[in-house]
Amino acid sequence: MLESYAARYKADLLDSVVPFWLRHSLDREHGGYFTCLDRDGTVYDTRKYVWLQGRAIWTFARLYNTLERRQEWLDAAELGVGFLRRHARDAQGRLFFLTRDGRPHAFQRKPYAAVFYQMGLFEYARATGDQGCMDESVEVFWRIVDWIADPALLDRRALPGQAPTSSLADLLVVGMMAADLVRQFADGRYLQV
């Protein structure tokens, strides 16, 4: 019974979902992806939200790494990697949401855009052996750990009288990234995280 579900989901993914995104999402003029699409593929917002850009990179690279080494998937991942590495980060390593052509649209004061940026770079580096992407993914990981520990680093200062909190989302994303990194590197720091 589970095999029939697995076959159906795989067919839906490969015959419908991935072809839709390859056909409508790739911005071959500026790089990156259109992510605000109607059901027919029409783009209704050209802004490039970095968390969605990173998720697309991760998806295409992950398909390449785990399902089948299709060049079109790797090429699609590369389209996003190049765009984000050129435009997404400021001099302090923080991330922006971007216009279609890569100009800053809004400053991201939460770490989640960086999470998907890191995950996309990491998975792409696994696919290609690109050491620059791997090194940057590690650097971004440690920045995220710092940003979560001290939100003021992202200009998210605590208000007077604000009770300290611990977000389950923060723990989840750091744990997911650390789990990937510990499989890649023999470094006990990732196990501690």
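Residues numbered from 1 in each chain as written. Predicted model: local features only at pLDDT ≥ 70, side-chain atom pairs only at ≥ 80, totals over all residues. Heavy atoms only, no water.

A. Layout of the overall build of the chain. Counting its secondary structure elements, the chain contains seven helices and four strands. Secondary structure elements of the chain occur, N-terminal to C-terminal, as α-β-β-α-α-β-β-α-α-α-α. Computed over C-alpha atoms, the radius of gyration of the chain comes to 18 Å, within 12% of the 16 Å expected from 2.2 N^0.38 for 193 residues, which places it in the range of a compact globule. Judged by the C-alpha coordinates and their principal axes, the chain covers about 50 × 40 × 35 Å. The 193 residues of the chain split such that 42% are buried. The long-range fraction of contacts in the chain, counting pairs at least 24 apart against all pairs at least 6 apart in sequence, stands at 58%. As presented, the chain carries roughly 10800 Å² of accessible surface, and 53% of it is formed by carbon and sulfur atoms. Charge-centre separation for the chain: the mean point of 25 positive side chains lies 3 Å from the mean point of 25 negative side chains. (Helix = DSSP H or I, 4+ residues; strand = E, 2+ residues; numbered from the N terminus. Rg over C-alpha atoms; globule rule 2.2 N^0.38 Å. Buried < 20%, exposed > 50% of the residue type's maximum accessible area, 1.4 Å probe, protein only. Contact = heavy atoms within 4.5 Å. Areas by Shrake-Rupley, 256 points an atom, 1.4 Å probe, with all protein chains shown as cover. Lys, Arg positive; Asp, Glu negative; His and termini not counted. Charge placed at Lys NZ, Arg CZ, Asp CG, Glu CD.)

B. Spotlight on the layout of surface pockets. Volume-wise, the largest pocket comes out at about 470 Å³. Taken together, 18 residues line the largest pocket, and the ones lying closest to its centre are Ile148, Pro151, Arg156, Gln162 and Thr165. No other element matches the three residues that helix H5 (residues 131-149) contributes to the lining of the largest pocket. For the lining of the largest pocket, a count of residues per class yields ten nonpolar, four polar and four charged. Space inside the second largest pocket adds up to approximately 230 Å³. Around the second largest pocket, the lining comprises 14 residues; the ones closest to its centre are Trp21, Arg55, Ala56, Thr59 and Phe60. Secondary-structure elements contributing two or more residues to the lining of the second largest pocket are helix H1 (2-24) and helix H2 (50-66). Classifying every residue of the lining of the second largest pocket gives ten nonpolar, three polar and one charged. (1 Å grid on protein atoms, 1.4 Å probe; cavity = no way out; pocket = protein on both sides within 12 Å on 5 of 7 lines; lining within 4 Å. Points joined across faces, edges and corners; volume = space filled by probe spheres on them. Nonpolar A, V, L, I, M, F, W, Y, C, P; charged D, E, K, R; others polar.)

C. Main features of the packing of H2 against helix H4 (residues 112-128). Closest axis-to-axis distance for the H2/H4 pair is 7 Å, and the angle between their directions is 25 degrees. Regarding the angle of H2 to H4, the classification is roughly parallel. For the element pair H2 and H4, the recorded crossing hand is left-handed. Where H2 abuts H4, its residues Val50, Trp51, Gly54, Arg55, Ile57, Trp58, Ala61, Arg62, Tyr64 and Asn65 lie against Tyr112, Ala113, Phe116, Tyr117, Met119, Gly120, Glu123, Tyr124, Arg126 and Ala127. Here the contact of H2 with H4 is composed, by residue class, of 13 nonpolar, three polar and four charged. (Axes fitted to C-alpha atoms, helices over the stretch in contact; angles between N-to-C directions. Parallel < 35°, antiparallel > 145°, perpendicular 65-115°, else oblique. Left-handed = near helix turned anticlockwise from the far one by under 90°.)

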